[in-house]
Amino acid sequence: MARYRLSIAAQTDLIDILAWTQEHFGDAARKRYETLIVTALRDVSAQADRPGSIERPELGRGVRSWHLHLSRERAHTDTGIVRLPRHFLIYRVEYDLIVVGRVLHDAMELARHLDPQESWE
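Residues numbered from 1 in each chain as written. Predicted model: local features only at pLDDT ≥ 70, side-chain atom pairs only at ≥ 80, totals over all residues. Heavy atoms only, no water.

### Some details on the overall build of the protein
Next up, step 1: Looking only at helices and strands, the protein has three helices and five strands in total.
Next up, step 2: What you see in the protein, going N to C, is helices and strands ordered as β-α-α-β-β-β-β-α.
Next up, step 3: Scored against the burial criterion, the 121 residues of the protein give a buried share of 44%.
Next up, step 4: Contacts in the protein between residues far apart in sequence, at least 24 positions, make up 55% of those at least 6 positions apart.
Next up, step 5: Total accessible area on the protein is roughly 7,100 Å²; 51% of this is exposed by carbon and sulfur atoms. (Helix = DSSP H or I, 4+ residues; strand = E, 2+ residues; numbered from the N terminus. Buried < 20%, exposed > 50% of the residue type's maximum accessible area, 1.4 Å probe, protein only. Contact = heavy atoms within 4.5 Å. Areas by Shrake-Rupley, 256 points an atom, 1.4 Å probe, with all protein chains shown as cover.)

In C-alpha cells:
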C-alpha cells in the first residue's frame, strides 16, 4: 500500500466537509463520513488505478478521481454507512506516494476548482 499525503487545499476541503456534515446531520453522520473518507484514502492507496477510478487529463497529467460511493460498502460503522456520498477524491501518484489535491462535491465543475498548473503542496 502506498502512502498518501493531503494537499493544504484537500485538508481544508475535509475540514469544511466534516464541519458541514456535523452542523447539518450531527455527530454520528460526521463520524460515518469521516470513516468513509479514510476508507476511500486507503482504497486508492492500495491501488491507485483500481476499477472505478477515472483518469482526468483535463485536471492535469496523471490526475485521477475516485467517487466516495465506490468505497461505501467497506466503510461500515456502528451507526451504519453513508447512503449517498457526494464527493470525489482528486489525486495523482508521485512515485510511491498518493497525493490528494482536492476533495470536491460531485455537483462542482471540477476544473474550476483545480488548476492543472497549481502546486499540490
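So that's the structure; there's more coming.
### Digging into the side chain of H87
Next up, step 1: Note on placement: H87 falls in strand β4 (residues 87–94).
Next up, step 2: Classification of H87 by relative accessible area gives buried; the value is 10%.
Next up, step 3: A polar contact is formed between the side chain of H87 and the side chain of Y33, at a distance of 2.6 Å.
Next up, step 4: Setting aside residues no more than four positions away along its own chain, H87 makes contact with I17, Y33, W66, H67, L68, V103, L104, H105 and D106. (Polar contact = N/O pair within 3.5 Å; in protein donor to acceptor, adjacent residues only side chain to side chain.)

### So, the environment of L97
Next up, step 1: Note on placement: L97 falls in strand β5 (residues 97–105).
Next up, step 2: On a C-alpha basis, the gap between L97 and R3 in space is 5.1 Å, while along the polypeptide they are 94 residues apart.
Next up, step 3: Ignoring sequence-local partners within four residues, the contact set of L97 consists of R3, Y4, R5 and R92.

### Concerning the pairing of strand β3 (residues 63–67)
Next up, step 1: A large share of β3 lies buried, amounting to five of its five residues.
Next up, step 2: Summarising the sheet, strand β2 (residues 54–55) and β3 pair through two bridges and their orientation is antiparallel. Along β3, the bridge assignment pairs I54 with S65.
Next up, step 3: As defined by bridge partners, β3 adjoins β4 across five bridges and the pair is classed as antiparallel. Along β4, the bridge assignment pairs S65 with I90. (Pairing = 2+ DSSP bridges.)

### Here's the deal with the sheet that holds β2
Next up, step 1: Taken together, five strands build an open sheet; the order of strands is β1-β5-β4-β3-β2 and the sheet is mixed. Across the chains shown, the open sheet's two edge strands, defined by having one partner strand only, are β1 (3–6) and β2.
Next up, step 2: Contacts from helix α1 (residues 8–25) reach β1, β4 and β5 within the one sheet, and its direction differs from that of β5 by about 45 degrees.
Next up, step 3: Here helix α2 (residues 27–46) sits on the sheet and contacts β1, β3, β4 and β5; the angle it forms with β4, its principal contact strand, is near 30 degrees. (Axes fitted to C-alpha atoms, helices over the stretch in contact; angles between N-to-C directions.)

### Description of unusual backbone geometry
Next up, step 1: One non-glycine residue, Y95, lies in positive phi territory at about 60 degrees.
Next up, step 2: Checked against the element boundaries, Y95 lands in the loop between β4 and β5.

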